[in-house]
Amino acid sequence: MKPRHKRLILVVVALALLGLGATFVLKAFRSNLVFFYTPTEVFAGQVPQGQAFRIGGMVLEDSLQRNEDGVTVRFAVTDTIEDVPVQFTGILPDLFQEGKGVVAQGRINMEGMFVADQVLAKHDENYMPPEAAEALERAMKIKMETE
Amino acid sequence: MVPEIGHFAVILALCVAMAQAFFSLVGATRGYVNWMAVSRPSAYILFFLTSFGFCCLVISFLTNDFSVLNVASNSNSQLPWPYRLAASWGSHEGSLLLWVLMLSGWMAAVARFSKGLPNDMLSLILGVMALVAIGFYSFLLLTSNPFDRLLPPAMDGRDLNPLLQDPGMVIHPPMLYMGYVGFSVVFAFAIAALISGRLDTTWARWSRPWTTIAWAFLTIGIALGSWWAYYELGWGGWWFWDPVENASFMPWLCGTALMHSLLVTEKRGSFKVWTVLLAIITFSLSLLGTFLVRSGVLTSVHAFATDPERGVFILGFLVFVVGASLILFAWRAPKVGLGGRFDLVSRESALLANNVLLVVAAASVLLGTLYPLFLDALGLGKISVGPPYFDAVFIPIMAPAMFLMGIGPISRWKKSSVPDLAAKLKWAFVISIISASILPFTMGGWSLFVSFGLLLALWITLAGLVNLWTRLEQMSKGDGRTLWTSLLSLPNSYYGMLCAHLGVAVFVVGVTLVGGYEVEKDVKMSLGNTVTIGDYTIRLDALEELEGPNYTGVEGTMTILVDGEEVDQMFPQKRLYTVQQMAMTEAAIDTGFTRDLYISLGEPLSDGSWVVRVYLKPFVDWIWGGAFLMALGGVLAVSDRRYRKASEVSSSPEEVTTST
């Protein structure tokens, strides 16, 4: 084999690897995207069945309940128009509070309960989780339009 | 008065940087020797002025000068002094001042330690760095002045974010920034080489130690950040694929690729164009990281759009730097020429494959980090890309890279033969396979994930040992040296490579075992209750009120029992920081060589009991131990005597006589 051919093979192999890598990355990317929905959209049934997604909004006042075991909690997330009941097993973040912004990731079950496997609250005093703010904003828009 | 002096010093520094950029760059391209002479002293002056300004800010923080806006928003009279010190770089403004301090420090270091460089090359390098500095000094002064006054002065400050009140956070940002900004040196080397057209092996030898040391700092910085997240956020994770983490990880991946391609450029003269491109990409990713973290775009693209001043400035600067360097690259790179030829099976090929894999990994992180931001900015919906994506992508990309880590260092430059490699490595391979399939049984159950992780770690370690053994064997055959003298005569850079690669193996062990065998329990506990995890039984013995300097809280006393005998006590806390009314979980961690026991207090329940989370995390500290070994490897490599020799030869004669 001439050196030129060897070099060509090397380039082809490298490009093939790169292509394979890119295909693989994009495939993994598409199947792992988590979409975000507001409580109003959840209520309207626009959410995927059996697939994980995120909801955001405020924790409804006086909605926090705790099961007998102490580690399973239920609360409702609201965007001021609709409320979605959420169930979560585990420890809530330090900054989780009724009346404050929250984002939850999980799936909706048969009874229409959102079973969260992750609950996020804001990181510091100065801002809301972006998704929570977004949900309230969208709800505000709908209200303005209907008025 | 102090803040005004500091402000003035930073303004002066900007002027110096402007003068330096002008005289160095024009002088170097036109060959005016006396213009070029400006560049070295001005680097020192720049560093002095910036340190002075930084000290002024630190003094304002230490003396609780709440008439300074930055101090009033980020400190408090109750805050212990080490955290007041850390608060001076805890805010946006302060961290940018730290950034320019690091940049001027690197410039002074280049001026001081590059005696071997030709004058015009040094001027070009410092001139390019001065251009970068102008951008950041202007950004600091125009949009984020840390010395702004507050009228009327506040009675007391609003306190530092409690999450940042932690020893790890005191040193994490400086380390991280040393790394980020350190890549500006190799970037400047690359630009200078493109301008002057002197892109040769000497160029690579000069750039290598700077890249390696910046990379070592970045490694430590990222590891500290991960360690901090582990113990301070209270939930025991060590990496979340959070955009802020990704922002620092992308330059690290490209920096790793850059170190390896610089090696090829130095030894074989190949990959020159690729190396220069990588240098540009690595620094651009550092700038992108700064943009992501400092523009507020991550918090919310909408906040960014409503208060765009800062973000637009860095974005513009980023576009300018990337655009200008890529145009220069496109213009000059074709003239660089190709380096030495190499065969399909050779160390060059292994390193090329490693480079491709690392860059693909960085690109996949970039995709996962930026795509949601783009969608959001364009109003096409909100999505998030979580750990499942990164896990799914990362393991398959990094696994072949790690497999190559065993082969690359042992194969020859230019041309290696497959049978020869196979003969050398077959036992390492067989032993890794056998041990990796058996070991998981002894640890609590076989799983493919654990077995595969252990295989990679064992393979890297054993191939490293074979490599060392072959080197020693050759040496003793060559001139009959004893084992010991051979060990001593091997260069530090070689040990640096072995140490860093071993660090990767140690890291992989940590990640694998914590991923495979971690046990987590969330339980409701009242006084006297116990919970059993692994071999440990944990009993809640007391809950007491807690009074800290700037917080109140509750401290639990947990007694650890093994086989019914008390072995230890642990004290997890729940704190409420009084100024910001922010709750914080302070986990209690019993660190061990083979496992961490991790207890954190969740929430109090109405009947006086608590929700408690306990973790048993096998080998988790190996993750950071591995990162430390990697960084240590970098330091070892830089301490190699050939770098010292190079600077001694070129220094003036009287200095040589004093040093010998």
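Reading the values: the criteria
- Residues numbered from 1 in each chain as written.
- Chains lettered and ligands numbered in written order.
- Predicted model: local features only at pLDDT ≥ 70, side-chain atom pairs only at ≥ 80, totals over all residues.
- Helix = DSSP H or I, 4+ residues; strand = E, 2+ residues; numbered from the N terminus.
- Rg over C-alpha atoms; globule rule 2.2 N^0.38 Å.
- Contact = placed C-beta atoms within 7 Å.
- Expected span 1.5 Å × (residues − 1).
- Buried ≥ 20, exposed ≤ 12 C-beta atoms within 10 Å, placed from the backbone.
- Pairing = 2+ DSSP bridges.
- Nonpolar A, V, L, I, M, F, W, Y, C, P; charged D, E, K, R; others polar.
- Domains from an automatic or database assignment.
- Axes fitted to C-alpha atoms, helices over the stretch in contact; angles between N-to-C directions.
- Parallel < 35°, antiparallel > 145°, perpendicular 65-115°, else oblique.
- Left-handed = near helix turned anticlockwise from the far one by under 90°.
- Core = buried A, V, L, I, M, F, W, Y, C linked by C-beta atoms within 7 Å.

Trainee: What is the right way to read the overall build of chain A from this model?
Mentor: Counting secondary structure elements, chain A contains three helices and seven strands. Order of helices (α) and strands (β) in chain A, N terminus to C terminus: α-β-α-β-β-β-β-β-β-α. Against the compact-globule benchmark of 15 Å for 147 residues, chain A has a radius of gyration of 22 Å, which places it well outside the compact range. Projected onto the principal axes, the alpha-carbon positions of chain A cover approximately 80 × 45 × 35 Å. A fraction of 55% describes how many contacts in chain A between residues 6 or more apart in sequence connect residues 24 or more apart.

Trainee: For this particular structure, what's the right way to read helix α13 (residues 309-332) of chain B?
Mentor: Working note: α-helix, 3.6 residues per turn, so residues spaced by three or four point in the same direction. Here α13 of chain B contains 24 residues, and its C-alpha end-to-end distance of 34 Å stays within 8% of the 34 Å for a straight helix at 1.5 Å per residue. Turning to α13 of chain B, its buried residues number three or more, namely Arg310, Gly311, Ile314, Val321 and Ser325 of chain B.

Trainee: How do you make sense of the pairing of strand β7 (residues 114-120) of chain A when you look at a structure like this?
Mentor: Consecutive side chains of a regular strand alternate in pointing toward one face of the sheet and then the other. Residues and elements named next belong to chain A. Across three bridges, the pairing between strand β5 (residues 83-89) and β7 is parallel. For glutamine 87, the partnering residue across the bridge sits in β7 and is valine 115. Direction of pairing for strand β6 (residues 101-108) relative to β7: antiparallel, over a ladder of six bridges. Paired with isoleucine 108 across the strands is phenylalanine 114, a residue of β7.

Trainee: Which parts of the structure should I look at to understand the interface of chain A and chain B?
Mentor: Interface size, as often reported, equals the accessible area lost upon joining of the parts. Contacts between the two partners involve 34 residues from chain A, matched on the other side by 40 residues from chain B. Counting residues per element, the side of chain A that touches chain B draws most heavily on helix α1 (residues 3-31) of chain A, which supplies 12 residues. Here the residues of the side of chain A that touches chain B are counted per class, giving 21 nonpolar, four polar and nine charged. By the bridge criterion, three bridges tie strand β1 (residues 33-37) of chain A to strand β1 (residues 383-385) of chain B in an arrangement that is antiparallel. Bridge assignment links phenylalanine 35 of chain A to a residue of β1 of chain B, and that residue is isoleucine 383 of chain B.

Trainee: Any chance you could explain the environment of glycine 99 of chain A here in plain terms?
Mentor: Residue and element names in this part refer to chain A. Tracing the sequence through the fold places glycine 99 in the loop between β5 and β6. Along the primary structure glycine 99 and aspartate 62 are separated by 37 residues, whereas in three dimensions their C-alpha atoms are 8.7 Å apart. Once residues within four sequence positions are removed from consideration, glycine 99 is found in contact with Met58, Val59 and Glu61.

Trainee: How do you make sense of the domain arrangement of chain A when you look at a structure like this?
Mentor: Under the domain assignment used here, chain A contains domain 1 (1-33) and domain 2 (35-146). A straight line from the C-alpha centre of domain 1 of chain A to that of domain 2 of chain A covers 42 Å.

Trainee: Sorry, what's going on with the packing of helix α16 (residues 418-443) of chain B against helix α17 (residues 448-479) of chain B here?
Mentor: Helices that pack against each other are described as a pair by the angle of their axes relative to one another and the distance between those axes. Residue and element names in this part refer to chain B. At a minimum axis separation of 8 Å, α16 and α17 run at an interaxial angle of 150°. One element, α16, and the other, α17, form an angle in the roughly antiparallel class. Considering only the axes of α16 and α17, their crossing is right-handed. Along its contact with α16, which presents Lys424, Leu425, Ala428, Phe429, Ile431, Ser432, Ile433, Ser435, Ala436, Ser437, Leu439 and Pro440, the element α17 presents Val450, Ser451, Leu454, Leu455, Leu458, Trp459, Leu462, Ala463, Val466 and Thr470. Residues of the contact of α16 with α17, tallied by class, amount to 16 nonpolar, five polar and one charged.

Trainee: It is not clear to me how the environment of leucine 352 of chain B should be interpreted in this structure. Could you clarify?
Mentor: With respect to the helices, strands and loops of the structure, leucine 352 of chain B is situated in helix α14 (residues 347-377). In sequence terms leucine 352 of chain B and tryptophan 446 of chain B are 94 residues apart; their C-alpha atoms lie 35 Å from each other.

Trainee: Looking at this structure, how should I read the packing of helix α10 (residues 243-268) of chain B against α14 of chain B?
Mentor: Residues and elements named next belong to chain B. Axis separation between α10 and α14 bottoms out at 9 Å; the angle between their running directions is 160°. Judged on the interaxial angle alone, α14 and α10 are roughly antiparallel. When the axes of α10 and α14 are compared, the crossing they make is left-handed. Taken together, the residues of the contact of α10 with α14 sort by class into 15 nonpolar, seven polar and two charged.

Trainee: For this particular structure, what's the right way to read the sheet that holds strand β9 (residues 588-591) of chain B?
Mentor: Consider a sheet: its strands pair through backbone hydrogen bonds, and that pairing is either parallel or antiparallel. All names here are of chain B. What the four strands build is an open sheet, ordered β2-β11-β10-β9; its pairing is antiparallel. Only two strands of the sheet have a single partner each, and these edge strands are β2 (519-525) and β9. Between one strand axis and the next, the sheet turns through 15° on average, direction left out of account. Where β2 meets strand β11 (residues 610-618), seven bridges bridge the pair, whose relative direction is antiparallel. Each residue of the ladder has a partner; that of aspartate 522, found in β11, is arginine 613.

Trainee: Explanation requested: the nonpolar core in the structure shown.
Mentor: A general tendency of soluble globular proteins is for nonpolar side chains to be buried together. In this structure, Met107 and Ile125 of chain B are the most contacted members of the largest nonpolar core, which totals 185 residues. At 18 residues, the largest contribution of residues to this core is made by helix α8 (residues 167-196) of chain B. Leaving out residues up to four positions away in the same chain, methionine 107 of chain B has contacts with Ala43, Leu46, Phe47, Leu126 and Met129 of chain B. The next biggest cluster of nonpolar side chains, apart from the first, holds 27 residues, and it includes Met58, Ile108, Ala132 and Ala133 of chain A.

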